[in-house]
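# Structural description and commentary
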Amino acid sequence: NPLKVGVYIEDPANPNAAKVRYTIANVFMTSYSIITPDVPDSCIIGDGQCVEESLFEGEVEVPGSLGGYHLYFQGYSRNAGILNLNDPGNAGFGIYSFIPPTAIVNSSPVFSGVPVPFICVNETTSFSNAAEDADGDSLVFSFEKPFDSQEDIAGVVDPPLVLDWEIAPVVYAGPDYNELQPFGPGGVATIDPQTGAAQFSATIIGNWAVAVEVKEYRNGQLIG
């Protein structure tokens, strides 16, 4: 506390180039709470477990921009017991968002559902990835590859001076796993692209990494 978020410049003339860091936004923990997961009655794995939720906030000032800014936070490492990733104990995680050009006045979508971290083996569990957008923009939900960290450095570290583009994803544990089939053969992962409602089912006990991305459209144009 604080955590450090990199703010990177988008060059509209070179959209596929690596992104140069403009500044670092420090975000501070403003609230902390305990969430008790709402698991199906038939599940016992999550009974009595709790999830810690912290909210971090900060402010950063940037000049007007024709290209916008990329936001990137990296952490290291992931839970070593994750089954669908290759060498997860030596994999990091990245969190990403985008600020559109200054001419586009925009508020980002905000997830409104409470994440449920447990599913029952061979049972279908429903999740809400619903989000609300203050501007009324059209939201599209999808499963994507989770992001890796660019630098494998433990602790609260400065974001990289130059952000590789595209951002590196994690490496899955073999061909049986991917972003659309995170639980492997026989597993189920579906998501409604309009509402974010998802259903999951796994055939074996384990820890899994799944990522949901929200794309924001206005008048048919992708803005965030």
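On to the overall build of the protein, then. Assigned secondary structure in the protein consists of zero helices and 14 strands. A globule of 224 residues ought to have a C-alpha radius of gyration of about 17 Å, and the protein, at 18 Å, matches this closely. Seen through its C-alpha atoms, the protein measures out along the principal axes to roughly 55 × 40 × 35 Å. Burial statistics for the protein: of 224 residues in total, 33% are counted as buried.

In this structure, Leu85, Ile119, Phe141, Phe143, Phe183, Ala198 and Phe200 are the most contacted members of the largest nonpolar core, which totals 20 residues. When residues of this core are traced back to their parent elements, those giving at least two are β9 (138-144), β11 (188-191) and β12 (197-201).

We now examine a nonpolar patch on the surface. Together, Ile9, Tyr22, Val60 and Val62 make up an exposed nonpolar region whose accessible area comes to about 290 Å². Inspection of the secondary structure assignment puts Val60 in the loop between β3 (51-57) and β4 (69-76).

The tally for this structure, following the rule as stated, stands at six salt bridges. Across the salt bridge formed by Arg218 and Asp137, the nearest N and O atoms sit 2.8 Å from each other. One end of the pair, Arg218, is in strand β13 (residues 211-218); the other, Asp137, is in the loop between β8 (131-132) and β9, and 81 residues separate them in sequence. Notably, a salt bridge pairs Lys215 with Glu144, separated by 3.5 Å at the nearest N-O pair. One end of the pair, Lys215, is in strand β13; the other, Glu144, is in strand β9, with 71 residues separating them in the sequence. A residue is classified by how much of its surface remains accessible, and Lys215, at 24% relative accessible area, is partly exposed. Glu144 sits in the partly exposed class, given a relative accessible area of 28%. A cluster of three or more residues bridged by salt bridges with shared partners is formed by Asp135, Asp137 and Arg218.

Strand order in the open sheet formed by three strands is β9-β13-β14, with antiparallel pairing between adjacent strands. The open sheet has two edge strands with one neighbour each: β9 and β14 (221-222). The sheet contact formed by β13 and β14 spans two bridges and is antiparallel. Bridge pairing in β14 places Arg218 opposite Gln221.

A separate point is the sheet that holds β11. The antiparallel open sheet is built from three strands, whose spatial order is β7-β12-β11. In the strand order of this sheet, the two ends are held by β7 (125-128) and β11, each with one partner. On average, each strand axis in the sheet is tilted by 15° relative to the strand beside it, whichever way the strands run. Pairing geometry for β11 and β12, over four bridges, is antiparallel. By the bridge assignment, Val188 is partnered in β12 with Ser201.

We now examine the packing of aromatic side chains. Under the criterion given, the structure shown has nine aromatic pairs. Ring centres of Phe127 and Phe200 lie 4.8 Å apart, and the angle between their planes is 55°; this geometry places the pair in the tilted category. One end of the pair, Phe127, is in strand β7; the other, Phe200, is in strand β12, and 73 residues separate them in sequence. Assigned by exposure class, Phe127 and Phe200 land together as buried.

Scoring rules and cut-offs
Residues numbered from 1 in each chain as written. Predicted model: local features only at pLDDT ≥ 70, side-chain atom pairs only at ≥ 80, totals over all residues. Heavy atoms only, no water. Helix = DSSP H or I, 4+ residues; strand = E, 2+ residues; numbered from the N terminus. Rg over C-alpha atoms; globule rule 2.2 N^0.38 Å. Buried < 20%, exposed > 50% of the residue type's maximum accessible area, 1.4 Å probe, protein only. Core = buried A, V, L, I, M, F, W, Y, C linked by side-chain atoms within 4.5 Å. Patch = residues over 30% accessible without salt bridge, like charges linked within 9 Å, V, L, I, M, F, W, Y side chains within 5 Å. Areas by Shrake-Rupley, 256 points an atom, 1.4 Å probe, with all protein chains shown as cover. Salt bridge = Lys/Arg side-chain N within 4 Å of Asp/Glu carboxyl O. Pairing = 2+ DSSP bridges. Axes fitted to C-alpha atoms, helices over the stretch in contact; angles between N-to-C directions. Phe/Tyr/Trp six-rings, centres within 6.5 Å; stacked < 30°, edge-to-face > 60°.

So yeah, pure geometry; function would need other evidence.
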